[in-house]
Each structure stands twice: as structure tokens, then as C-alpha cells.
Amino acid sequence: MVDLEKAPPARSPEGEPVPRADGEGCLVVAVRLPVRIVALVLVLPVRMAWDALVVAGRFLRDTVLRPVGRALAWLGRALFVWPLVGLWRYVVVPVAKGVGWLGNVLLVVPAVWVYRWVLTPVGRALAWCCAGVGAVLTALGRGLYAGLAWLARYLVVVPAGWLYAWVLTPIGHLLAWCGRGLARCGGGVLWCLGKVVTGIGAVLYWTLRILLVLPALAVWRWVLAPVGRALAVVGRELLDALGHAWRIAGRLSRAVGRALAALFRWTVAEPARWVYRSVLTPVGHAVRDTVLRPLAEAARAAGQAGRQALRSARLSVRQARADLRRTLFGEPERTPSVDRREPSGAKARTLGSSTTALTKD
């Protein structure tokens, strides 16, 4: 069994209590035992109901769901898989092979012939013609490009370089000198503005810190943090209590289950086994020895007699048929039997002597 209380606190050699490593206080000790008792009382029925449902579910799975599932699987294979496999193997595949052969004969072979003997020569001729036209166009394009480049150089580039060197560059130097002068005058104004902005920022920072940050920090440190630690202790104890109660309820549920199983075994199973072993088995042996075995022997003897009678009737019918055949058609000619085990040399000598005797006769 799991202990509902934890071990007593350790003490130093002088007799003073040693503080625990996890920092548990009087709140934890005061909350733990009542919470665990209440949790055990609440969890025990739930755990017993859960164990009963688990046992019922396993029994239902082994006795009902698994056989039904196997039967449904076999039925599904018989109704869907096997017909589809047969349809695929004996209908779809032969039809697809026939369609593929027809497509190859009617489409692929003519298309290959047209491509090889018609399109390829025509394409090569067109490529040769396009290559000649491309060479002519290339020569014309190079001459046109050279002319346009000469015109652009002397009509655009040279005047633009003269304009940049003798007009835009002096104007840009003048504007740069004026800008540097204005920047020296505006630097002092910007420094003054920076000092003013810095002072305003410092005032706003200390105002927000005193009015918002420090009160929020005090509320967090002296109100929310202690309350959170207390709630954390209570929640941890609740979770530990639920875990201990669940384990204890499981052991109690197993004990109750074993007791019910023992009660069922001693009230139902053992008497049924004793009745089967002590009453039904001797009665069944007696019935087998006195009734069933003589009946089986009599049935066996009757079967043997019937088979002998059928065999005798069959022999009689066969003999009568042979007598009728001899009466109507006479005795059949009998061919001399040849000893197949005779060696080949002896057989040849026998045939030679018979041929010589016939010649002499």
C-alpha cells in the first residue's frame, strides 16, 4: 500500500529540525493529508468503474468484435477483392493487351514510318533553307549594326561627353560648395534640438517608471508571486494526491476483482467442474460402452455385410455377362503370352528358330 503521509522531517544531532531540500512548509503539510483522503474517496469509484469497463471491453473484443471483424474481412474479400482480382486478371489485362497491340499496329508503326520517311527529310530540307536565309540575315544585321553604332557615337556619345565635361561638372562643383556651407550652419541647430529631445525623453522615462513600472513591480513581487507560489503548492499537492489515490484505487479494484473471481470460481466454476468430472463423465462413459459402441459395431457389421452382398452381386452380373458374350460370339481368340522378362538375345533366337521351322514346313 502507498503511504498517505510523507516521512517525518530529518533532525540534526542537536535535535533541531533540518529544512527540507524542496522547501515545503506548514501549508504543504496541512493541505496534503485532507486532500489525499478526499481524492481517494472521489477517485475510488471512478477507478473501479474504469477497471470494470476495461474488463468488459476486453471480453467484448475477444468474444464478439474480433470474430465479427474476421467474418466481415472474409466477406469483404469474397464480395469485393476476389471479383475485382478476377476482373482485373481475366478481363482488364487481356483487353488492355489487345488495345495496346492494336494501338501499336494502327498508330505507332504508321507514325514511326511517317516520321522516318516523310517528316525527317522535309525537316532537313527546311533546316538547310533556314540556315541559308539566316546567314544572309546575319550579314545584313552586322552591316546595319556597324552603321548605327558609328552614327550613335558621333551624334550622341561625343556631344554628351562634351556637355558633361564643360557644363554639368562646373555646375555640380558650385552646388556642392553651397551645400557644405548650409550644412555647417545647420549643425548647431541640430545639436540644440538633440539636447531638447534628450531632456524631454528623460522626463518621460522617469515619469513612466514612477507611475507604472514601480507599482507593477511591487504588485508582482509582493502580491502575485506569493499567491502564485501558494497556488503552485496546492496544485502540486492536488496532482500528487490524485496520483496516489489512482494507484491506491487500482490496488483496491484489483483486490475486489480477485475476490469476485474467487467467489465465482468457488460458487460456479468448481461445482460445474465437479459435476462434469464426477457425474457427466462416468455417465458419458457408461452410455458410450453400453449403447454407442454396440451400435457402432452393429452398424460396422451391417456395412461389411452390405459390401459383401454388393461384391457378390457384381461378380454374378459379370459372370452372366461373360456367359452371354460366349454364347453369342463364341470363345475369343487367345494370343500367346510373351515373357517380357526374357532377354533380347534369347527372344531373337526364339524368333529365328520359329522362322526356320515355318520355312521347313
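Residues numbered from 1 in each chain as written. Predicted model: local features only at pLDDT ≥ 70, side-chain atom pairs only at ≥ 80, totals over all residues. Heavy atoms only, no water.

## Digging into the overall build of the protein
We count it as follows: Helix and strand assignments come from DSSP, with helices taken as H or I runs of at least 4 residues and strands as E runs of at least 2, each series counted from the N terminus. Here a residue-residue contact requires only that any non-hydrogen atoms of the pair lie within 4.5 Å. Here, Shrake-Rupley sampling with a 1.4 Å probe gives the accessible areas, and only protein chains in the shown set may cover a residue.
From N to C terminus, the protein includes 2 helices and 0 strands. Put simply, 74% of the contacts in the protein that link residues at least 6 apart link residues at least 24 apart. Here the protein has roughly 30,400 Å² of accessible surface; of this, 72% comes from carbon and sulfur atoms.

## Quick notes on the state of the cysteines
Just so we agree on the cut-off: In plain terms, two cysteine sulfur atoms within 2.5 Å form what is called a disulfide here. Between buried and exposed lies partly exposed: a residue is buried under 20% and exposed over 50% of the maximum accessible area for its type, with that area taken using a 1.4 Å probe on protein chains only.
According to the stated counting rule, one finds 0 disulfides in the structure shown. Cysteine Cys129 is unpaired, with the sulfur of Cys130 as its nearest cysteine sulfur at 6.8 Å. Among the residues examined, Cys129 registers a relative accessible area of 42% and is labelled partly exposed.

## What to know about the pattern of salt bridges
Stated formally: Every case where a carboxyl oxygen of Asp or Glu lies within 4 Å of a side-chain nitrogen of Lys or Arg is listed as a salt bridge.
Within the structure shown, the criterion is met by 6 salt bridges. Note that Arg47 and Asp51 form a salt bridge whose closest N and O atoms lie 3.3 Å from each other. Placement of the pair is Arg47 and Asp51 together in helix 1 (residues 26-329), with a separation of 4 residues, close to one helical turn. Note on Arg47: relative accessible area 12%, which makes it buried. Among the charged side chains, a salt-bridge network with shared partners connects Arg61, Asp62 and Arg66.

## Describing the nonpolar core
Heads up, the rule is: The criterion is simple. A nonpolar core is a set of buried Ala, Val, Leu, Ile, Met, Phe, Trp, Tyr and Cys residues joined through side-chain atoms within 4.5 Å.
Core analysis: the biggest nonpolar cluster contains 8 residues, these being Val35, Ala39, Leu40, Val43, Ala241, Ala245, Ile248 and Ala249. Leaving out residues up to four positions away in the same chain, Ala241 has contacts with Val35, Arg36 and Ala39.

## So, a positive patch on the surface
Put simply, the rule reads: Only residues whose relative accessible area exceeds 30% and that form no salt bridge enter a patch; like-charged residues are grouped when within 9 Å of one another, and nonpolar side chains (Val, Leu, Ile, Met, Phe, Trp, Tyr) when within 5 Å. Asp and Glu count as negative and Lys and Arg as positive, but His and the ends of the chain are not part of the count. Every charge is mapped to an atom, namely NZ of Lys, CZ of Arg, CG of Asp or CD of Glu.
On the surface, a cluster of positive charge is made up of Arg307, Arg311, Arg314, Arg318, Arg321 and Arg325. Along the polypeptide, Arg314 turns up in helix 1. What makes Arg314 partly exposed here is its relative accessible area of 47%.

## Considerations on the packing of aromatic side chains
What counts here: Any two rings among Phe, Tyr and Trp, with Trp reduced to its six-membered ring, count as a pair given centres within 6.5 Å; such a pair is stacked if its planes are under 30 degrees apart, edge-to-face if over 60, and tilted if neither. Only Lys NZ and Arg CZ are tested; either one counts as a charge over a ring when it is within 6 Å of the ring centre and within 35 degrees of the ring normal.
Under the definition given, this model contains 3 aromatic pairs. Here the aromatic rings of Trp74 and Trp82 are separated by 6.3 Å at their centres, their planes lie at 90°, and the arrangement is edge-to-face. Ring geometry for Tyr205 versus Trp206: centroids 5.4 Å apart, planes at 75°, classification edge-to-face. The ring of Tyr154 has Arg153 sitting right over it, with the charged end atom 5.9 Å from the ring centre.

## Quick notes on the confidence of the model for the protein
Any residue range with low pLDDT should be treated as having predicted coordinates unsuitable for detailed reading. Test applied: Confidence of the predictor at the level of single residues is given by pLDDT, which spans 0 to 100.
Residues with a pLDDT of 70 or more make up 82% of the protein, whose mean pLDDT is 81. Of the regions scoring below 50 in pLDDT, residues 1-9 engages in 15 contacts with residues more than four places distant in sequence or in other chains. Confidence drops under a pLDDT of 50 for residues 12-23, and excluding neighbours within four residues, the segment shows 7 contacts in the predicted structure.

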